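Chain by chain, the residues:
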Amino acid sequence: MATPTPPAETVTALARRYRLEVNTSTTGTPAWTLLPGITEFAPKVEPTQQDVTTYDAEGWSEQAVTMLAWSIETTIAHRAHPVTGAFNATQEFIRKASLSFGAASYVNVRYYDRTGADEAYEGVALVTWEPEGGGPDEVDTIKITFTGSGPLKPITNPAPATPPKPIAGGGS
């Protein structure tokens, strides 16, 4: 029996490879703006599965995906200007959307691999803005959930391709 060839992919991707941007434009031309201060980022696509088992399956269960739902859960460090104390405009845009109704409650978001890898998506989402609170020795952090409304569309990655550099000692 032949020994399998080990994979060439030996560098572990880092969670911080993602970049999240929000379209802050109120006109027809997109204005993609970085959401700064991200400390955690978790995109999700969850399928709805339905049982489609028939007698023909001879006792084995069969499933079909009938719907997909997407969301992004992220935590941010709440950013303020060091002199004026004004909060970051993109973070404020998201906070205000979370307090709105109708069309104003939706935001257009996109996220992608900042190294240019073939992973980039865009969609429209509702926003939940949840300050995490804390003691006097903690920083102001906010949990933001973007709940997709409609499809999460693959897009061309807007970042230039820059392959990850190997970590000294082989990196895994």
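Look above for the structure.
Now for a quick tour of the structure. Please read these numbers as outputs of a predicted model, since none were measured by experiment.

1. Section: the pairing of strand S1 (residues 18-23)
- By the criterion of burial, S1 is predominantly enclosed, with 5 of the 6 residues buried.
- As defined by bridge partners, S1 adjoins strand S5 (residues 106-113) across 5 bridges and the pair is classed as antiparallel. By the bridge assignment, Leu20 is partnered in S5 with Tyr111.
- In this sheet, strand S2 (residues 32-34) lies alongside S1 in antiparallel orientation, the contact comprising 3 bridges.

2. Structural notes on the nonpolar core
- Counting residues in hydrophobic clusters, the biggest one holds 20 residues, and the most contacted among them are Leu20, Ile72, Ile94, Val109, Ile144 and Phe146.
- Elements with a minimum of two residues in this core: S1, strand S4 (63-77), helix H1 (89-98), S5, strand S6 (120-131) and strand S7 (141-148).
- With near-sequence residues (within four places) excluded, Leu20 lies in contact with Thr33, Leu34, Leu35, Ile38, Phe41, Ile72, Val109, Arg110, Tyr111 and Phe146.

3. Concerning a negative patch on the surface
- Where like charges cluster on the molecular surface, the negative patch consists of Asp51, Asp56, Glu58 and Glu62.
- Looking at the secondary structure, you find Glu62 in the loop between strand S3 (38-51) and S4.

4. Things to note about the packing of aromatic side chains
- Here the structure, examined in full by the defined rule, presents 4 aromatic pairs.
- Arranged with centres 5.5 Å apart and planes meeting at 40°, the rings of Tyr111 and Tyr121 form a pair that is tilted. Here Tyr121 lies in strand S6 and Tyr111 lies in strand S5, a separation of 10 residues in the sequence.
- On the basis of relative accessible area, Tyr111 is assigned to the buried category, the value being 5%.

Rules of the game
- Residues numbered from 1 in each chain as written.
- Predicted model: local features only at pLDDT ≥ 70, side-chain atom pairs only at ≥ 80, totals over all residues.
- Heavy atoms only, no water.
- Buried < 20%, exposed > 50% of the residue type's maximum accessible area, 1.4 Å probe, protein only.
- Helix = DSSP H or I, 4+ residues; strand = E, 2+ residues; numbered from the N terminus.
- Pairing = 2+ DSSP bridges.
- Core = buried A, V, L, I, M, F, W, Y, C linked by side-chain atoms within 4.5 Å.
- Contact = heavy atoms within 4.5 Å.
- Patch = residues over 30% accessible without salt bridge, like charges linked within 9 Å, V, L, I, M, F, W, Y side chains within 5 Å.
- Areas by Shrake-Rupley, 256 points an atom, 1.4 Å probe, with all protein chains shown as cover.
- Salt bridge = Lys/Arg side-chain N within 4 Å of Asp/Glu carboxyl O.
- Lys, Arg positive; Asp, Glu negative; His and termini not counted.
- Charge placed at Lys NZ, Arg CZ, Asp CG, Glu CD.
- Phe/Tyr/Trp six-rings, centres within 6.5 Å; stacked < 30°, edge-to-face > 60°.

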